Amino acid sequence: MISTGNDIVALRSINKQRTCEYRFYSKILSASEQALYQQPQLNELPFEHYVWLLWSVKESAFKYLKRYNQQLVFSPISINTTTIDILPDQHYCGEVHFNSNKLFFNSIINNDWISTVVNNADDFENVFSDVHVINDKGYYDQSTAVRKFALEKLNTLFPGELRLEKHLAGYPILIKDDEDTKIPVSLAHDGHYISYSFNLNAVKLQVN
Amino acid sequence: MDRKTILSELKKVLAPYTENKELLNGITEETDLIKDLKINSANLVDIIIDAESAYNIEIDFDSAEKMYLVGNCIDVIMDKMNQSA
């Protein structure tokens, strides 16, 4: 199951106080994820960042899975992050589970945003992702900008006429010369931040 | 409280998270919060909590995941209001 899923959270938009209220975070974190925060070093991360880190992991996992299960409805509590490893430079990685699906995530946290990408293997070599800052933060500005941003990168790898369309289930489809490339692309935007991911393992499979 | 009244009240709950007020005014039970109203999914928990406060109810996990269409939101709110009556 080759897919991709990403998410971005603008940290300046979150409501810190509300995030730290039990009635809020208990709708996002399972009991085991609440316990996971007690892990040494992880609890040095502000709790509100921990909650939104796991939100971005869950949202990314949902996007990854939605491409193959179009009836799937986002239910953060049912997507469970089981391990989190802390890497240098505010990188975090680990495992996330939904029913029998096991996925892996890679996240970065800085002062402005949390960005996450999910893959079905703990190897992100062929998974491309990036984050960009935009001036306008209206929904349609973000939506247009993130498509342009992703297409610019994709065009450096696949010269030709590329465009992104939206599947009825909501995920992007990359079209090249009027044909579906089958390259999974994921787009995210929040406030002044836009991000994409795409998985070129799909291209390797097509070649083989 | 009937469905029409809840729909009217729900518009107030959704307003802080909806950029396009014209779309919000025209919502029906078939309106999808994310696809149609372009609400950021990160605000869905805010909406559930605001609805809990507005209607003095508690919305559990299983019910919360049904709340993606306006009609589903009304179903859940009515159900929870009936339970607490």
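Residues numbered from 1 in each chain as written. Chains lettered and ligands numbered in written order. Predicted model: local features only at pLDDT ≥ 70, side-chain atom pairs only at ≥ 80, totals over all residues. Heavy atoms only, no water.

1. A word on the packing of helix α1 (residues 3-14) of chain B against helix α5 (residues 70-84) of chain B
Residue and element names in this part refer to chain B.
Then step 1. Packing of α1 against α5 leaves a shortest axis separation of 10 Å and a crossing angle of 110 degrees. Viewed along their axes, α1 and α5 adopt a mutual orientation that is roughly perpendicular. Here α1 and α5 pass one another in a crossing that is right-handed. Side by side, α1 and α5 meet where Arg3, Ile6, Leu7 and Leu10 of the first sit next to Val70, Gly71, Cys73, Ile74, Asp75, Ile77, Met78 and Met81 of the second.
Then step 2. Across the contact of α1 with α5, the residue classes break down as 9 nonpolar, 1 polar and 2 charged. (Axes fitted to C-alpha atoms, helices over the stretch in contact; angles between N-to-C directions. Helix = DSSP H or I, 4+ residues; strand = E, 2+ residues; numbered from the N terminus. Parallel < 35°, antiparallel > 145°, perpendicular 65-115°, else oblique. Left-handed = near helix turned anticlockwise from the far one by under 90°. Contact = heavy atoms within 4.5 Å. Nonpolar A, V, L, I, M, F, W, Y, C, P; charged D, E, K, R; others polar.)

2. Considerations on helix α4 (residues 47-66) of chain A
Then step 1. Taking 1.5 Å per residue, 20 residues should reach 28 Å; α4(A) reaches 28 Å between its end C-alpha atoms and fits that length.
Then step 2. Here α4(A) lies mainly inside the structure; 19 of its 20 residues are buried. (Expected span 1.5 Å × (residues − 1). Buried < 20%, exposed > 50% of the residue type's maximum accessible area, 1.4 Å probe, protein only.)

3. Some thoughts on the interface of chain B and chain A
Then step 1. In this assembly, 18 residues from chain B lie in contact with 21 residues from chain A.
Then step 2. Where chain B meets chain A, there are 3 salt bridges.
Then step 3. Across the pair B:Asp50 and A:Arg18 runs a salt bridge, and its minimum N-O distance is 2.6 Å.
Then step 4. Take the side of chain B that touches chain A: its biggest share by element is 7 residues, from helix α3 (residues 44-55) of chain B.
Then step 5. Of the residues contributing to the side of chain B that touches chain A, the split by class is 8 nonpolar, 3 polar and 7 charged. (Salt bridge = Lys/Arg side-chain N within 4 Å of Asp/Glu carboxyl O.)

4. Some points on the sheet that holds strand β10 (residues 185-190) of chain A
All names here are of chain A.
Then step 1. Read across the open sheet, the 3 strands follow the order β6-β11-β10; overall the sheet is antiparallel. Strands with a single pairing partner mark the edges of an open sheet, and in this sheet they are β6 (127-133) and β10. Taking each pair of neighbouring strands and ignoring which way they run, the sheet shows an average axis angle of 10 degrees.
Then step 2. Contacts between helix α5 (residues 139-157) and the sheet are confined to β6, β10 and β11 (193-199), with β11 contributing the most and set at about 40 degrees to the helix. (Pairing = 2+ DSSP bridges.)

5. Re the sheet that holds strand β9 (residues 179-180) of chain A
All names here are of chain A.
Then step 1. With antiparallel pairing, 3 strands are arranged side by side in an open sheet as β7-β8-β9. Edge strands, defined here as strands with exactly one partner in the open sheet, are β7 (162-166) and β9.
Then step 2. Across the sheet, α5 lies against β7 and β8 (172-176), angled at about 140 degrees from β7, the strand it touches most.

6. Observations regarding the domain arrangement of chain A
Residues and elements named next belong to chain A.
Then step 1. Considered domain by domain, chain A is made up of domain 1 (5-130) and domain 2 (132-205).
Then step 2. The partner domain 2 presents 25 residues to the 19 residues of domain 1 that form the contact.
Then step 3. Roughly 1900 Å² of surface becomes buried between domain 1 and domain 2 when both sides are summed, with 52% attributable to carbon and sulfur atoms.
Then step 4. Across the contact surface, domain 1 and domain 2 share 0 salt bridges.
Then step 5. The tally of links from domain 1 across to domain 2 stands at 13 residue pairs in polar contact (both at pLDDT 80 or more). (Domains from an automatic or database assignment. Buried area = accessible area lost by both parts, 1.4 Å probe. Polar contact = N/O pair within 3.5 Å; in protein donor to acceptor, adjacent residues only side chain to side chain.)

7. Notes on unusual backbone geometry
Residues and elements named next belong to chain A.
Then step 1. We note that Asp89 has phi near 60 degrees; this positive angle belongs to a residue other than glycine.
Then step 2. Here Asp89 shows up in the loop between β2 (80-87) and β3 (91-98).
Then step 3. Owing to a relative accessible area of 67%, Asp89 belongs among the exposed residues under this scheme.
Then step 4. Unusually for a residue other than glycine, Asn99 sits at a positive phi of about 50 degrees.
Then step 5. Looking at where Asn99 falls in the secondary structure, it is placed in the loop between β3 and β4 (101-109).
Then step 6. According to the relative accessible area criterion, Asn99 is exposed, its value standing at 67%.

8. Notes on the environment of A:Ser78
Residue and element names in this part refer to chain A.
Then step 1. Inspection of the secondary structure assignment puts Ser78 in the loop between α4 and β2.
Then step 2. Linking Ser78 and Glu125, residues 47 residues apart in sequence, is a C-alpha distance of 28 Å.
Then step 3. Other than its neighbours up to four places away in sequence, Ser78 contacts His97 and Phe98.

9. Remarks on the side chain of A:Glu48
Residues and elements named next belong to chain A.
Then step 1. Tracing the sequence through the fold places Glu48 in helix α4.
Then step 2. The side chain of Glu48 is buried and forms no salt bridge, while Lys16, the nearest opposite charge, is found at 4.4 Å.
Then step 3. Those residues within four positions of Glu48 in sequence are excluded, and the remaining contacts are Ile14, Lys16, Thr19 and Cys20. (Lys, Arg positive; Asp, Glu negative; His and termini not counted.)

10. Re the pairing of β3(A)
Residue and element names in this part refer to chain A.
Then step 1. Inspection of the sheet shows β2 paired to β3 by 7 bridges, in the antiparallel sense. Note that in β3 the partner of Asn80 across the bridge is His97.
Then step 2. Here β2 hands over to β3 after 3 residues, with Asp89 in that stretch at a positive phi of 60 degrees.

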